[in-house]
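Now for the letters of each chain:
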Amino acid sequence: MLLSYAPRFCWRGFVYLVWGDRGLKVGLSHKPGLDHAFWLRKGYRHFALLTPPLPLGTAFFLQEYLRRHLSGSAGPSFTVVRNLLNKARARLGLPPGPFTVTPFPEALPAPPPLELALVRKILSGRILWLEEIEEALAESKMGVTTPLEDILHWLYLAGQAEVIPGVGYGDDGEPRCRRCGQTTRLLTVACAACGSSDCLICEKCLTMGQSRRCRPLYARPAEERRLEVKALRQVEPRLKYELSPAQRDAYQEAAEFVLKGRDKECLLWAACGAGKTEVACGPIAAALGLGKTVLYACPRREVVRELQVRLRSFWPELEVLALYGGSTGKYGRADITLATTHQALRFYRRFDLVILDEVDAFPLSEDPMLYYAVERARREDGQILFMTATPPPALVARAKGRRIKVIYLPARHHGRPLPEPEVLRDPFLAPPGAGPLPRLLIACLEQTMAERARLLIFVPAVRLVDEVVTWLLRERSGEETCRVWVRGVTASHPQRDEVIDAFRRGDFPVLVATTVMERGITIPRLNVLVLYADEERVFTENALIQMAGRAGRAASYPKGRVWFLARRVSPAMAAARYRIREFNSMARRRGYLVEGKE
Ligand SMILES: [Zn+2]
Ligand SMILES: [Zn+2]
């Protein structure tokens, strides 16, 4: 499967030197005739190719190494150069190479200025494969007659674009995917494109097209922003309801983060179901008011699509572009750009404000790719706003150490406290099917039925879903015998969405699920039971907080119950309960809760 894909343009080229009165330069080129023409114009007169054609990743590393270690101005000493090249090759585990000093081929004509300008504009703020640049040109209904790789190479020579190997090497010679940033899942393959038997391919970002050692990425930071302030633009969002006091404060504080521009990063730490999207409108409005560009990134595409609808309704006169796998208009420009993390990988130094939602969401928990993508998508002086109910440990550590500005949103819109998990200990809690249902579990069921509510039961493994459903049906057959009262759902369940919809409608009262239901789902009148909650590998502190966060979201049933049923109290259970209580007491202290005011 890997080798069936062959990009049209595979970069193999030379490492070279040019020198003259103005000094010495190291470069790389797939077509040195172009470089010849370029450097002649700059007043360099001596040219020498140092290597045979090499895959881009290798040539790039050798070039960087020479640049770092080669000093002096006038003529190079080729003995020194050869030794340096061999040292660099050794870093990559390569034997001493053939060393030849060859003159450049004849100078070639430069690409026409109009075509250079067009490609420069298309590439602005992007990092793309050659094929993607072609797509972007086609989308803008423009074309060029000069080979695109030559235009891009000329821009690179002029310092107006970067050429980066898909998989390159760090200074230490360790391979690294330069698109997604990861260093581990790199495969060595015999490559049909560059002909080498040890080409490197990144497995991690394969769904975005192969990133390889011989495939160039082209990048260019965004041009200076348009300076005219869009004063006539309607930047205040038209929100559907009035913000709660907690939201209003966070909205204001987050807007000031942008207006003041002093902090580069900020964490909006929100309680589950507290409405952080509305709060995010504060910094978005502030940025737009200053004529700045905004990227709103989150890991899941369903969320991107839903956000597009909401943000368009808040700002009907602005353009909101949503990018996810299979979306159209990939290369367009808009006032607000929404993107999945994967799509954010195509931006380069483009946005003044990057909002990163659900920093910790499955399956990207603790994933460096997410940070790599947004870090690179923002301008050098751009800002990042992280938003989540459950920040990953690294971010928590920074927040606790006051190494990042934190804005808290501790209360839900309805102003009722978050349901605090009740820990139910049963030292003899049996696996499903072994013996009768635990007494405590029956109590949760009965309480739910008495309140005419619904119960979502989380279990720590996929196989347990069916086992628990069978157990419940066997032991409680008397429960609403006329129809199925309990069903199960997992991530790979064929009718996953139908089952969830039926549960949401209230067709049956009890759903057994894995952590697939952990976030992004709002069910009215819901109680939550985490069964075998001390299973720490699955039920981490953050997972437990997210699961507890499903309860009590609606104003009509704000007191949903949350139970953790387990043999013992795991540290994660204690920490989750502590965190939720902490939010409640913060909300109480700040006067955000309506309890007692009824
Ligand atoms: Zn990659
Ligand atoms: Zn290759």
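Residues numbered from 1 in each chain as written. Chains lettered and ligands numbered in written order. Predicted model: local features only at pLDDT ≥ 70, side-chain atom pairs only at ≥ 80, totals over all residues. Heavy atoms only, no water.

Per an unreviewed UniProt entry, the recorded name for the protein chain is UvrABC system protein B, and the organism is Neomoorella humiferrea.

**Q** Would you explain the coordination of the zinc ion (ligand 1) in this entry?
**A** Put simply, the ideal angle at a metal is 109.5 degrees for four donors in tetrahedral geometry and 90 or 180 degrees for six donors in octahedral geometry. Coordination of the zinc ion (ligand 1) by the protein is provided by Cys177 (SG), Cys180 (SG), Cys202 (SG) and Cys205 (SG), with metal-donor distances spanning 2.2 to 2.4 Å. Spacing between the donor residues of the zinc ion (ligand 1) along the chain follows C-x2-C-x21-C-x2-C. Linking Cys180 in the loop between β8 (175-177) and β9 (186-189) with Cys205 in the loop between β10 (199-202) and β11 (216-220), this pair joins segments that are 25 residues apart in sequence. Taking the relative accessible area as the measure of exposure, Cys180 reaches 1% and is therefore buried. (Donors = N, O, S within 2.8 Å, 3.2 Å for Na, K, Ca; no water. Helix = DSSP H or I, 4+ residues; strand = E, 2+ residues; numbered from the N terminus. Buried < 20%, exposed > 50% of the residue type's maximum accessible area, 1.4 Å probe, protein only.)

**Q** How should the packing of helix α1 (residues 32-41) against helix α6 (residues 148-157) be read in this particular structure?
**A** Two quantities define a packed helix pair, namely the angle between the helix axes and the distance between the axes. At a minimum axis separation of 10 Å, α1 and α6 run at an interaxial angle of 30 degrees. With respect to the hand of their crossing, α1 and α6 are arranged in right-handed fashion. Judged by residue contacts, Leu34, Asp35, Ala37, Phe38, Trp39 and Arg41 of α1 engage Asp150, His153, Trp154 and Leu157 from α6. Each residue belonging to the contact of α1 with α6 can be placed in one class, and the counts come to 6 nonpolar, 1 polar and 3 charged. (Axes fitted to C-alpha atoms, helices over the stretch in contact; angles between N-to-C directions. Left-handed = near helix turned anticlockwise from the far one by under 90°. Contact = heavy atoms within 4.5 Å. Nonpolar A, V, L, I, M, F, W, Y, C, P; charged D, E, K, R; others polar.)

**Q** Is there a simple way to explain the domain arrangement of the protein chain in this structure?
**A** How big an interface is tends to be expressed through the accessible area that disappears when the partners come together. Segmenting the protein chain into domains produces domain 1 (12-220), domain 2 (245-409) and domain 3 (422-590). Computed from C-alpha coordinates alone, the two centres of domain 1 and domain 2 are separated by 33 Å. Domain 1 puts 23 residues into the contact, and the matching count from domain 2 is 16 residues. Carbon and sulfur atoms make up 50% of the area that domain 1 and domain 2 hide from each other, which totals about 1900 Å². Connecting domain 1 to domain 2 are 2 salt bridges. Scanning the region where domain 1 abuts domain 2 turns up 12 residue pairs in polar contact (both at pLDDT 80 or more). Elements with a minimum of two residues in the side of domain 1 that touches domain 2: α4 (113-123), β5 (126-129), α5 (130-139), β8 and β11. Residue contributions to the side of domain 1 that touches domain 2 peak at 4 residues, all from α5. (Domains from an automatic or database assignment. Buried area = accessible area lost by both parts, 1.4 Å probe. Salt bridge = Lys/Arg side-chain N within 4 Å of Asp/Glu carboxyl O. Polar contact = N/O pair within 3.5 Å; in protein donor to acceptor, adjacent residues only side chain to side chain.)

**Q** Can you walk me through the sheet that holds strand β6 (residues 162-165) in this structure?
**A** Strands belonging to one sheet form pairs held by backbone hydrogen bonds; the direction of such a pair is parallel or antiparallel. Taken in spatial order, the 3 strands make up an open sheet running β5-β11-β6, and their pairing is antiparallel. A single partner strand is all that each edge strand has here, and the edge strands are β5 and β6. Strand after strand, the sheet turns through a mean of 30 degrees between neighbouring axes, direction not considered. The pairing of β5 with β11 spans 4 bridges and is antiparallel. (Pairing = 2+ DSSP bridges.)

**Q** Please explain the pairing of strand β13 (residues 294-298) as it appears in this structure.
**A** Every regular strand shows the same layout, with side chains that alternate between the two sheet faces. For β13, the buried fraction is high: 5 of the 5 residues fall into the buried class. A two-sided burial pattern is seen for β13, the buried positions comprising Val294, Tyr296 and Cys298 on one face and Leu295 and Ala297 on the other. Alignment of β13 against strand β15 (residues 336-340), held across 5 bridges, turns out to be parallel. Bridge pairing in β15 links Cys298 to Thr340. Pairing geometry for β13 and strand β16 (residues 351-357), over 4 bridges, is parallel. Of the residues in β16, the one forming a bridge with Leu295 is Val354.

**Q** I would appreciate a short explanation of the pairing of β10 in the present structure.
**A** A two-sided burial pattern is seen for β10, the buried positions comprising Cys199 and Ile201 on one face and Leu200 and Cys202 on the other. Pairing analysis gives 4 bridges linking β9 to β10, with the strands arranged antiparallel. Looking at β10, one finds that Val189 is bridged to Cys199.

**Q** Could you clarify how one ought to interpret the environment of Glu451 in this entry?
**A** By the secondary structure assignment, Glu451 is in the loop between α13 (439-450) and β20 (454-458). Classification of Glu451 as partly exposed rests on a relative accessible area of 28%. The spatial distance from the C-alpha of Glu451 to the C-alpha of Gly560 is 9.9 Å, given a sequence separation of 109 residues. Residues in contact with Glu451, not counting those within four places in the same chain, are Arg525, Asn527, Tyr557 and Arg561.

**Q** Would you mind going over the coordination of the zinc ion (ligand 2) with me for this structure?
**A** Coordination of the zinc ion (ligand 2) by the protein involves Cys191 (SG), Cys194 (SG), Cys199 (SG) and Cys214 (SG), with metal-donor separations of 2.3 to 2.4 Å. Taken together, the 4 donor atoms coordinating the zinc ion (ligand 2) and their angles of 105 to 112 degrees define a geometry best described as tetrahedral. Sequence spacing of the donors to the zinc ion (ligand 2): C-x2-C-x4-C-x14-C. Cys199 shares its class with Cys191; the two are buried. (Tetrahedral: all angles 85-135°; square planar, octahedral: opposite > 155°, others 65-115°.)

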